[in-house]
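Architecture and fold: a report
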Amino acid sequence: MLEQKFIRQQPEKVREGLLKRSGTSVSLLDDFLSLDENWRRLIAQSDELKKERNEASDQIGKLKKSGENTNEKQEEVKKINLKIKEIENELKENENKLNHLLFYFPNLPHETVPFGKDASENQVIRTWGEKRKFLFPVKPHWEIGESLGIIDQKRASKLSGSLFSLYVGAGAKLQRALIQFMLDFHVDKHGYREIYPPYLVKRETMIGTGQLPKFEEDMYCCEKDDLFLIPTAEVPVTNLHRDEILNFDELPKYYASYTACFRREAGAAGVETRGLKRLHQFDKVELVKLTTPETSYQEHEKLLHDAEEILQVLQIPYRVILLCAGDMGFSAAKCYDLEAWSPSEEKWLEVSSVSNFEAFQARRANIRFRRGPQEKPEFVHTLNGSGLALPRVVIAILENYQEKDGTIVIPEVLRSYMGGITKI
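Analysis parameters
- Residues numbered from 1 in each chain as written.
- Predicted model: local features only at pLDDT ≥ 70, side-chain atom pairs only at ≥ 80, totals over all residues.
- Heavy atoms only, no water.
- Helix = DSSP H or I, 4+ residues; strand = E, 2+ residues; numbered from the N terminus.
- Buried < 20%, exposed > 50% of the residue type's maximum accessible area, 1.4 Å probe, protein only.
- Contact = heavy atoms within 4.5 Å.
- Lys, Arg positive; Asp, Glu negative; His and termini not counted.
- Charge placed at Lys NZ, Arg CZ, Asp CG, Glu CD.
- Salt bridge = Lys/Arg side-chain N within 4 Å of Asp/Glu carboxyl O.
- Expected span 1.5 Å × (residues − 1).
- Core = buried A, V, L, I, M, F, W, Y, C linked by side-chain atoms within 4.5 Å.
- Pairing = 2+ DSSP bridges.
- Arc of directions from axis to C-beta.

Some words on the overall build of the protein chain
Regarding its fold elements, the protein chain presents 12 helices and 14 strands. With the principal axes as the frame, the protein chain shows a C-alpha extent of 110 × 45 × 40 Å. The buried share of the protein chain, taken over its 424 residues, is 49%. Across the protein chain, the fraction of contacts at a sequence separation of at least 24, relative to all contacts at a separation of at least 6, is 74%. Here the protein chain holds 61 positive side-chain charges and 66 negative ones, and the gap between their average locations is 2 Å.

See the structure below:
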């Protein structure tokens, strides 16, 4: 979240940032500034009344020493105490409203983020790889999966309803191979530390990374226990150090984590949902970094490179997109998307978002570091990126590696994870 003092001292900078973001009303800022002004007025009133009470108490002491009647002054102190109590109750209510509003402020876009209202104004940074030229009709992934018997959407629907997937035989093995390969690659080559976290987390954990309170309706909640199914491993992994103060020499921290992800909003009205493109449950390998403020944007570029390398070794054409302010997620200050090529649709499909949140999440989760024994704690910067999200990587493999006879060639780097088979 944004700092209360920062909003108060630089309201025009905040207003400018909110105007760049799509769907965020500046009335949020106006409401906050009004409450903040009232909060400061109440504090001033409380301080003044406490000063009057202290003066009256001193006078009572003097009157007692001189043997004079103190009833009038004592009654005055009682009235002052009642006023102070009223103001403190009002102050507490005001503070609660301020804290509530703080959770609804999105992060402000970094200065390098382009202005734009939606995805149509995102910028293509670069592309990689050659699109394959097919000499036969290209099939979509759902037809390939069904004909090979490796994806069974009908039985998935029978078990759980729409927007769920069921991998069978070699399809399940391909899924498992991709997860293991990506974890090994990031741990062994890029130096990430593997984490396998719980899939159910507490409310404060979801608040820490920005999913709550604003997006509670999009989350799966186990109401009896007030626990939430994670929408991404970012949530538990970022919160590993919630309410902790790290040492300077511990940073940066690199974490890699495989989890299932659960999202109620998948397949929103008007969005094409056939096949594996949008699911309520899907697998993902997530990369999370905790850094110092001065190194976070350098680490952001390295994180992007780490995610790109997965697509490069899989030999899947992709492009890198810099998101405009109007298309960025709530918590991000800057975000790149990686999009893999789908031959059947002749479209690019997002397989990763690589974001720098600066201190936005760290302030919510109270994750700090200290540069030295006597130094004041500072908030870390948090970053994350998919490395990668499985469903659309599976789509890219099935479609880019399909053969005329209906088989799928296994990418070379996955063959050792697939028991040595070269085709499905």
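Details of the pattern of salt bridges
Taken as a whole, this structure holds 26 salt bridges when the rule is applied. For the salt bridge of Asp-30 with Arg-15, the shortest nitrogen-to-oxygen distance reads 3.1 Å. Taken together, the residues Asp-30 in helix α3 (residues 27–65) and Arg-15 in helix α2 (residues 11–20) connect sequence positions 15 residues apart. Exposure remark for Asp-30: the relative accessible area of 36% places this residue in the partly exposed category. Glu-345 is paired through a salt bridge with Lys-277; the nearest N and O atoms lie 3.3 Å apart. Here Glu-345, found in the loop between β10 (334–342) and β11 (347–358), pairs with Lys-277, found in the loop between β7 (253–262) and β8 (281–291); they are 68 residues apart in sequence, far enough to count as distant. For Glu-345, a relative accessible area of 18% corresponds to the buried category. Through salt bridges with shared partners, a single network forms among Arg-8, Asp-36 and Arg-40.

Brief notes about helix α4 (residues 71–102)
Along its 32 residues, α4 runs 46 Å from first to last C-alpha, staying within 8% of the 46 Å computed at 1.5 Å per residue. Looking only at α4, the buried set comprises Val-77, Ile-80, Ile-84, Ile-87, Leu-91, Asn-94, Leu-98, Leu-101 and Leu-102. Looking at the buried positions of α4, the neighbouring elements they touch are α1 (4–9) and α3.

Considering the nonpolar core
Counting 54 residues, the largest nonpolar core has Leu-178, Leu-338 and Leu-388 as the members making the most contacts within it. Counting residues per element, this core draws most heavily on helix α7 (residues 170–189), at 8 residues. Apart from residues no more than four positions distant in its own chain, Leu-388 is found in contact with Met-182, Lys-284, Val-285, Ala-307, Ile-310, Leu-311, Leu-338, Val-351, Ser-352 and Val-393. Residues Ile-7, Leu-35, Leu-42 and Leu-91 belong to the second largest nonpolar core, which totals 23 residues.

Section: the side chain of Asp-283
Mapped onto the elements, Asp-283 comes out in strand β8. Despite being buried, Asp-283 has no salt bridge partner; Arg-176 is the closest side chain of opposite charge, sitting 9.9 Å away.

Focus on the pairing of strand β9 (residues 318–322)
The element β9 is extensively covered by neighbouring structure, given that 4 of its 5 residues are classed as buried. Bridge analysis of strand β1 (residues 123–128) against β9 gives 5 bridges, and the strand direction is antiparallel. Note on β9: the bridge partner recorded for Val-124 is Ile-321. Of the strand pairs in this sheet, β9 and β10 are connected by 5 bridges, and their pairing is antiparallel. Across the sheet, the residue bridging to Leu-322 is Tyr-336, located in β10.

Looking at the environment of Ile-195
Locating Ile-195 in the fold gives a position in strand β2 (residues 193–195). Here the alpha-carbon distance between Ile-195 and Val-237, two residues 42 residues apart in the chain, equals 7.4 Å. Filtering out sequence-adjacent residues up to four positions away, Ile-195 remains in contact with Val-237, Leu-240, Tyr-255, Ala-256, Ser-257 and Tyr-258.

Considering helix α5 (residues 141–148)
Residues spaced three or four apart along an α-helix face the same direction, because each turn holds 3.6 residues. Of all the residues in α5, the buried ones are His-141, Trp-142, Ile-144 and Gly-145. In an axial view of α5, the angular spread of the buried residues amounts to 160°, which keeps them on one side of the axis. Of the surrounding elements, those touching the buried residues of α5 are α12 (390–400). Immediately downstream of α5, the backbone of Gly-149 shows phi near 70°, a positive value.

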